[in-house]
Amino acid sequence: MKVHFIGAGPGDPELLTLKAQRLIAGCSVCLYAGSLVPAEVVAHAPPGARVMDTAPMTLDQTHAEILAARDRGQDVARVHSGDPSLYGAIAEQIRRLKADGIDYDIVPGVPAFAAAAAALGRELTVPEVAQSVVLTRMAMKSSSMPEGETLETFAKSGATLAIHLGVRALREIERQLIPYYGEDCPAVIAYRVGWPDEAILSGTLTDIREKARAAKITRTALILVGPALAEGVSFRDSALYDPKHPHLLRPRTS
């Protein structure tokens, strides 16, 4: 018996990997986060499978379902949105699996920040503009952030920021980021990226909050901030394809 932690991607069922689809189709038990995982994803479960939405369940209740599946000798597809390694709350589940001697594996999925960049038509790492992406979140009602992991700390780097759980804290995001990025720094809100009602709002650190308010976006949104997001940003070509920079697969010819 094995538990498969499966990343379902951000919302578009076609972004489900072939491996994820195969595993879901082969598991007699499918536990999924119904508020974030489309029904089309778990529709791959086999006929007669026990398919349960874990959104209203506690950790103990979901683990009880896994224990019951173990007793029946059934594999479990534990389906999470996006990629399980990012805010998937799988660490606490794995801790319980290890305590009970239950085997598991992890199948990665398309993370929301990657889908948002694709929807925006942007690269998040632009040569000599931004070469790092910081994945972070606002504390809000979730667990507190570790000491030192603040927006101001990350902002000092000038990296592209991908901020989760922050759409209700846009005023605070503005306050912390404007001193480092400037008032005109591009800011994007990607709402329910990959879903039929996806919305992409583009603006700056000074006006993105009003745009979110006008669109009545209060949840299920990712915020991207950084100079790499600017329309028509000036940058040099990368060295990857530069004939003046030979490498192992493209040796110097003269």
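Calculation rules
- Residues numbered from 1 in each chain as written.
- Predicted model: local features only at pLDDT ≥ 70, side-chain atom pairs only at ≥ 80, totals over all residues.
- Heavy atoms only, no water.
- 1 Å grid on protein atoms, 1.4 Å probe; cavity = no way out; pocket = protein on both sides within 12 Å on 5 of 7 lines; lining within 4 Å.
- Points joined across faces, edges and corners; volume = space filled by probe spheres on them.
- Helix = DSSP H or I, 4+ residues; strand = E, 2+ residues; numbered from the N terminus.
- Nonpolar A, V, L, I, M, F, W, Y, C, P; charged D, E, K, R; others polar.
- Core = buried A, V, L, I, M, F, W, Y, C linked by side-chain atoms within 4.5 Å.
- Buried < 20%, exposed > 50% of the residue type's maximum accessible area, 1.4 Å probe, protein only.
- Contact = heavy atoms within 4.5 Å.
- Pairing = 2+ DSSP bridges.
- Axes fitted to C-alpha atoms, helices over the stretch in contact; angles between N-to-C directions.
- Domains from an automatic or database assignment.
- Buried area = accessible area lost by both parts, 1.4 Å probe.

Draft legend 1. Summary view of the layout of surface pockets. Size it by volume and the largest pocket reaches roughly 1500 Å³. Elements that contribute at least two residues to the lining of the largest pocket include exactly helix H3 (59-72), strand E4 (76-80), helix H4 (90-99) and strand E10 (221-225). It is H4 that contributes the most residues to the lining of the largest pocket, four residues altogether. Among the residues making up the lining of the largest pocket, the classes are represented as 22 nonpolar, 16 polar and eight charged.

Draft legend 2. Structural detail: the nonpolar core. Within the largest apolar cluster, 25 residues are counted, with the highest numbers of intra-cluster contacts made by Leu161, Ile163, Leu170, Ile173, Leu177, Ile189 and Val225. Counting only elements with at least two residues in this core, the list comes to helix H6 (151-155), strand E7 (160-164), helix H7 (170-181), strand E8 (186-191), helix H8 (208-214) and E10. For this core, the leading source of residues is H7, giving four residues. Cys30, Val37, Ala45 and Val79 belong to the second-largest nonpolar core, a separate cluster that totals 17 residues.

Draft legend 3. Quick look at the side chain of Thr136. Here Thr136 is to be found in strand E6 (residues 133-137). On the basis of relative accessible area, Thr136 is assigned to the buried category, the value being 2%. Each residue touching Thr136, except ones within four places of it in the same chain, is listed here: Tyr87, Met145, Leu151, Phe154, Ala162, Ile163 and His164.

Draft legend 4. Geometry of the sheet that holds strand E2 (residues 29-32). The strand order across the open sheet formed by five strands is E3-E2-E4-E1-E5, and the pairing between neighbours is parallel. Of all strands in the sheet, those bounded by a partner on one side alone are strand E3 (50-53) and strand E5 (103-107). Ignoring strand direction, the axes of neighbouring strands in this sheet form an average angle of 15 degrees. The pairing of E2 with E4 spans four bridges and is classified as parallel. Counterpart to Leu31 in the pairing with E4 is Arg78. Lying on the sheet, helix H1 (residues 18-26) is in contact with strand E1 (2-7), E4 and E5; it crosses E1 at an angle near 140 degrees.

Draft legend 5. Region of interest: the sheet that holds strand E9 (residues 199-204). Spatially, E6-E7-E10-E8-E9 is the arrangement adopted by the five strands of the open sheet, whose pairing is mixed. Because the sheet does not close on itself, it has two edges, and the strands there are E6 and E9. Mean inter-strand twist for the sheet, computed between neighbouring axes without regard to direction, equals 20 degrees. In terms of strand pairing, E8 meets E9 through six bridges, oriented antiparallel. Looking across to E9, one finds that Val188 is bridged to Ser202. The strands touched by helix H5 (residues 112-120) are E6, E7, E8, E9 and E10; relative to E10, the strand with the most contacts, the crossing angle is about 70 degrees. Packed onto the sheet, H7 meets E7, E8 and E10 and runs at close to 170 degrees relative to E7.

Draft legend 6. The environment of Phe113, seen in detail. Among the secondary structure elements, Phe113 is positioned in helix H5. Between the C-alpha atoms of Phe113 and Tyr87, which are 26 residues apart in sequence, the distance is 12 Å. Here Phe113 is in contact with Leu86, Leu124, Leu135, Ala162 and Leu222, once residues within four sequence places are set aside.

Draft legend 7. Fine view of the side chain of Arg209. Checked against the element boundaries, Arg209 lands in helix H8. Setting aside anything within four residues of it in sequence, one finds Arg209 in contact with Leu170, Arg171 and Glu174.

Draft legend 8. Structural detail: the domain arrangement of the protein chain. If you check the domain split of the protein chain, you get domain 1 (3-107) and domain 2 (112-229). Computed over C-alpha atoms, the centres of domain 1 and domain 2 are 28 Å apart. Listed per partner, the contact involves eight residues of domain 1 and eleven residues of domain 2. Together, the buried faces of domain 1 and domain 2 total about 790 Å²; carbon and sulfur atoms form 70% of this surface. Among the residues of domain 1 in contact with domain 2, Pro10, Leu86 and Tyr87 are the three that bury the most area, contributing 61% of the side total.

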